[in-house]
Amino acid sequence: MSEQEWESLCDGCGKCCLHKIIEEEHDEDADLPDEGLQAPTDYIREGEEMLYTNVVCHLLNDKSCTCTRYSERTKLVPDCVKLTQKNLSDIFFMPQSCAYRRLQEGRGLPSWHPLLNKGKKSAMHQAGMSVRGKVIKDDQVNMQNYDQYVVSWPVDDID
């Protein structure tokens, strides 16, 4: 598959641009100054849970759900991951609705995917599968209070 074909599989929902929290289960009596929150990681350990927030990267256009600096994103945002055919199976934080994840799991594209809707994102937005109207930019929140922004809607998947 060419890079252009690979890129066309992206549904453009913006969920991969959401900040996530890795929460570690711990003994209530344990003295943990970070309250179980972990630093960025390439994997999730047993006993940890990934939580999504409604905080999105400041580079994301939250109306079109596209990166405003796409070609430079990994340089400008060190935690930004370039998803490829080779690293897809290692990227554990992609939401269940992600077209790449769905295809890897043998589920096919959802009915709202732009490729099935003449290249338009309107069906995706109408189905509530994008971040449009649901997020706040990371440069507008206090990084110490991310737990206040935990949401469950990014894990929703339909058809």
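Shown above is the structure to which this text applies.
Residues numbered from 1 in each chain as written. Predicted model: local features only at pLDDT ≥ 70, side-chain atom pairs only at ≥ 80, totals over all residues. Heavy atoms only, no water.

### Structural notes on the nonpolar core
Item 1. In terms of nonpolar packing, the biggest core is built from 19 residues, with Trp6, Leu18, Leu83, Met94, Tyr100, Val131 and Val135 touching the most fellow members.
Item 2. Counting only elements with at least two residues in this core, the list comes to β1 (18–24) and β2 (48–56).
Item 3. Setting aside its immediate chain neighbours within four residues, Leu18 contacts Tyr52, Thr53, Asn54, Val55, Val56, Val131, Val135, Trp153 and Pro154.
Item 4. Counting residues in each nonpolar core, the second largest holds five residues, with Ile21, Leu51, Val141 and Tyr146 among its members. (Core = buried A, V, L, I, M, F, W, Y, C linked by side-chain atoms within 4.5 Å. Buried < 20%, exposed > 50% of the residue type's maximum accessible area, 1.4 Å probe, protein only. Helix = DSSP H or I, 4+ residues; strand = E, 2+ residues; numbered from the N terminus. Contact = heavy atoms within 4.5 Å.)

### Overview of the environment of Thr66
Item 1. Here Thr66 shows up in strand β4 (residues 66–67).
Item 2. According to the relative accessible area criterion, Thr66 is partly exposed, its value standing at 36%.
Item 3. The spacing of Thr66 and Gly12 is 54 residues in sequence and 6.5 Å in space, taken between C-alpha atoms.
Item 4. Beyond its immediate stretch of four places on either side in the chain, Thr66 contacts Leu59, Leu60, Asn61 and Lys121.
Item 5. A polar contact is formed between the side chain of Thr66 and the side chain of Ser64, at a distance of 2.7 Å. (Polar contact = N/O pair within 3.5 Å; in protein donor to acceptor, adjacent residues only side chain to side chain.)

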